[in-house]
Amino acid sequence: SQKIEQNSEALNIQEGKTATLTCNYTNYSPAYLQWYRQDPGRGPVFLLLIRENEKEKRKERLKVTFDTTLKQSLFHITASQPADSATYLCAPGGSSASKIIFGSGTRLSIRP
Amino acid sequence: SQTIHQWPATLVQPVGSPLSLECTVEGTSNPNLYWYRQAAGRGLQLLFYSVGIGQISSEVPQNLSASRPQDRQFILSSKKLLLSDSGFYLCAWRKGNGVYGYTFGSGTRLTVV
């Protein structure tokens, strides 16, 4: 069955450093992959989408890579700030655009 | 601009009681609609999705059901709630054609007692 793995342990980063989160998937070949941010008690917020033919996507301090050979996506936040503290979810999407499955998320904590 | 409304924000229901959660989207037409559930400290579990009026796909067999009586209305229901139905329920939408990010509602925190 399709499986998405994100680091279940919280990631603690010093303010100003680059935070890197990992998303690995198995047993399918997504045509695209999305990243979301979720704050406690709130719904996820869409951040970035990267397609299988794109190696890298950037948006302000965010950067996402997509390696279909490794079946992995990396999510980077440069110059991290305490306000970046949240849970980040990856969501690979298949050829059917009707639905995507979410990973369980990685909790990121940026300390001042 | 598009907006998504989900209510109620919080709900406490006794075991065996019925459930109805409603979600509506404004400012778009023919959206794909989704119901997710998130248990405490867990990931999002897809429950139902719909690509059109009356079209419902179920991802997880359980005592919940969904309906889409209008293009921009999505309803999650149960005839008899179980304790295990407690969780954070999220409605989401995305454009019907192509690949787009999801927009989520603010969620309903359901506690079954």
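Residues numbered from 1 in each chain as written. Chains lettered and ligands numbered in written order. Predicted model: local features only at pLDDT ≥ 70, side-chain atom pairs only at ≥ 80, totals over all residues. Heavy atoms only, no water.

Visitor: Mind showing me how you'd approach the nonpolar core here?
Guide: It is characteristic of soluble globular proteins that their nonpolar side chains tend to be buried jointly. Counting residues in hydrophobic clusters, the biggest one holds 22 residues, and the most contacted among them are A:L21, A:L33, A:W35, A:F75, A:I77, A:Y88 and A:L108. Looking at this core, the elements with two or more residues in it are β3 (19-26), β4 (32-38), β5 (45-51), β7 (62-67), β8 (72-77), β9 (86-93) and β10 (106-111) of chain A. The element best represented in this core is β3(A), accounting for four residues. The residues touching A:L21, leaving out its near neighbours within four places in the chain, are A:L11, A:W35, A:S73, A:L74, A:F75, A:Y88, A:T106 and A:L108. Grouped together as the second largest cluster of nonpolar side chains are 20 residues, B:L33, B:L64, B:C91 and B:V112 included. (Core = buried A, V, L, I, M, F, W, Y, C linked by side-chain atoms within 4.5 Å. Buried < 20%, exposed > 50% of the residue type's maximum accessible area, 1.4 Å probe, protein only. Helix = DSSP H or I, 4+ residues; strand = E, 2+ residues; numbered from the N terminus. Contact = heavy atoms within 4.5 Å.)

Visitor: Explain the state of the cysteines here, please?
Guide: Joining two cysteines, a disulfide is a covalent bond between their sulfur atoms. For the structure shown, the criterion picks out two disulfides over all chains. Each sulfur in the disulfide pair A:C23 and A:C90 lies 2.0 Å from the other. Disulfide A:C23 to A:C90: torsion about the S-S bond roughly 60°, handedness right-handed. Residue A:C23 is located in strand β3, and its partner A:C90 is located in strand β9; the two are separated by 67 residues in the primary sequence. Assigned by exposure class, A:C23 and A:C90 land together as buried. Shown here is the disulfide that connects B:C23 with B:C91, its sulfur atoms set 2.0 Å apart. Because the torsion about its S-S bond is -75°, the bridge between B:C23 and B:C91 counts as left-handed. Here B:C91 lies in strand β9 (residues 87-94) and B:C23 lies in strand β3 (residues 19-26), a separation of 68 residues in the sequence. (Disulfide = S-S within 2.5 Å.)

Visitor: Just to check I follow, could you spell out the pattern of salt bridges for this structure?
Guide: A side chain with one charge may pair with a side chain of the opposite charge, provided their charged atoms come close. All names here are of chain A. Scanning the model with the defined rule gives seven salt bridges over all chains in all. For D39, the salt bridge is made with R37, and the minimal N-O distance between the two is 3.1 Å. In this structure D39 comes out as partly exposed when scored by relative accessible area, which is 27%. Here E56 and R58 are joined by a salt bridge, their closest N and O atoms 2.8 Å apart. (Salt bridge = Lys/Arg side-chain N within 4 Å of Asp/Glu carboxyl O.)

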